[in-house]
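# Chain and residue survey
Listed below are the residues making up each chain.
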Amino acid sequence: MPRRLFITLEGGEGAGKSTNLIFVRQWLQREGCDVVVTREPGGTEIGERVRDILLHTKQLHITPESEMLLMFAARFEHINKVIRPALAAGKLVLCDRFTDATYAYQGGGRGLPADRIAAVEDWVQGDLRPDLTLLFDIPVEAGRERAGQRSEPDRFERENNEFFQRIRATYLARAAREPKRIHVIDASRPLEQVEQQIVSVLQEAVHGR
Ligand code: Z5A
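Okay, so let's go over this structure. (Residues numbered from 1 in each chain as written. Predicted model: local features only at pLDDT ≥ 70, side-chain atom pairs only at ≥ 80, totals over all residues. Heavy atoms only, no water.)

Further remarks concern the packing of aromatic side chains. The geometry of an aromatic ring pair comes down to the distance between the two centres and the angle between the two planes. Tallying each qualifying case throughout the model produces four aromatic pairs. Ring plane angle 85° and centroid distance 5.8 Å describe the contact between Tyr105 and Phe156, whose orientation is recorded as edge-to-face. With Tyr105 in helix α4 (residues 99-109) and Phe156 in the loop between α6 (140-147) and α7 (161-177), this residue pair connects regions lying 51 residues apart in the sequence. For Phe156, a relative accessible area of 9% gives the class buried. (Phe/Tyr/Trp six-rings, centres within 6.5 Å; stacked < 30°, edge-to-face > 60°. Helix = DSSP H or I, 4+ residues; strand = E, 2+ residues; numbered from the N terminus. Buried < 20%, exposed > 50% of the residue type's maximum accessible area, 1.4 Å probe, protein only.)

Structure follows, in structure tokens:
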């Protein structure tokens, strides 16, 4: 029987998280999982308001420290009102970004020390960590080209390529340190091949084969 699990999707700009989230959800549901889909920043009313500040504030400068703490404030709400209750009810939680994004964006991207992020992570999350993370990886230029087709860029999307190179490097370094949890998906491939990679990881996670 499918197990209750906490699964997160991560990746840089244009890596195809949103596109593949739908595929992942449908695959899990077909396998009999009771799936709760959510996202960060967001997932609660307060979290969505924090998201709006973080993505769409143009005039005001937000320090990296405040940006990181706002991510965790939204996360505290999210964990306690959505994620933990769903897991306790035996559901599978599928979350579009989680704390790996904080290490990648606020750590790698903005330059905050990882040990400072880890201290807040421990305080906010206790022992909660994702069971499985799909990291959609694509070279920065290719990803930005894909994402460039979209409308008005948000506060992160306005950053330069070096910012996104640091984010990618941080994600890949984390995957190298935690290979059992973080599975790197080559997102530069055609969609069908990306989906094949996803299925082989999910088969193992959900059915142990
Ligand atoms: N953030 C943070 O800083 N710290 C944190 O702790 C957290 C988040 C949790 C919001 O994230 C921002 O919050 C994010 C990091 C920050 N900022 N940025 N940038 P988000 O996840 O909501 O937003 P996003 O990064 O823009 O992701 P997205 O909407 O999920 O989109 P995407 O990954 O870029 O992919 P997509 O929209 O699915 O695909 C892009 C295009 O490529 C689209 O036209 C697809 O049709 C196409 N595509 C996708 N896959 C393929 C393949 N395989 N072949 C060809 N074309 C493809």
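Now, onward.
A separate point is helix α8 (residues 191-207). For α8, with 17 residues, the first-to-last C-alpha span of 24 Å sits near the 24 Å given by 1.5 Å per residue. Residues of α8 that are buried include every one of Val194, Ile198, Val201, Leu202, Ala205 and Val206, and no others. Along α8, the residues classed as buried sweep out an arc of 120° about the axis, all on the same side. What points out from α8, more than 90 degrees from its buried face, is the exposed set Glu192 and Gln196. Buried residues along α8 sit in contact with β1 (6-11), α1 (17-30), β4 (132-137) and β5 (182-186). Positive backbone phi, at 65°, marks Gly208, one or two positions downstream of α8. (Expected span 1.5 Å × (residues − 1). Arc of directions from axis to C-beta. Contact = heavy atoms within 4.5 Å.)

Before going further, it helps to spend a moment on the site of the ligand. In the neighbourhood of the ligand, 29 residues make up the surrounding shell, with Gly14, Lys17, Thr19, Arg51 and Arg97 lying closest. Between the ligand and the protein, one listed contact pairs an oxygen atom with a side-chain N or O atom of Thr19 at 2.5 Å. Within the contact set of the ligand, a nitrogen atom lies 3.2 Å away from a side-chain nitrogen or oxygen of Arg146. In isolation the ligand offers 1,100 Å² of accessible surface; the protein chains occlude 82% of this area. In terms of residue count, the dominant contributor to the shell around the ligand is α4 (four residues). Residue classes in the shell around the ligand are distributed as twelve nonpolar, six polar and eleven charged. (Near = heavy atom within 4 Å. Polar contact = N/O pair within 3.5 Å; in protein donor to acceptor, adjacent residues only side chain to side chain. Areas by Shrake-Rupley, 256 points an atom, 1.4 Å probe, with all protein chains shown as cover. Nonpolar A, V, L, I, M, F, W, Y, C, P; charged D, E, K, R; others polar.)

That's the geometry; what it means functionally is another story.
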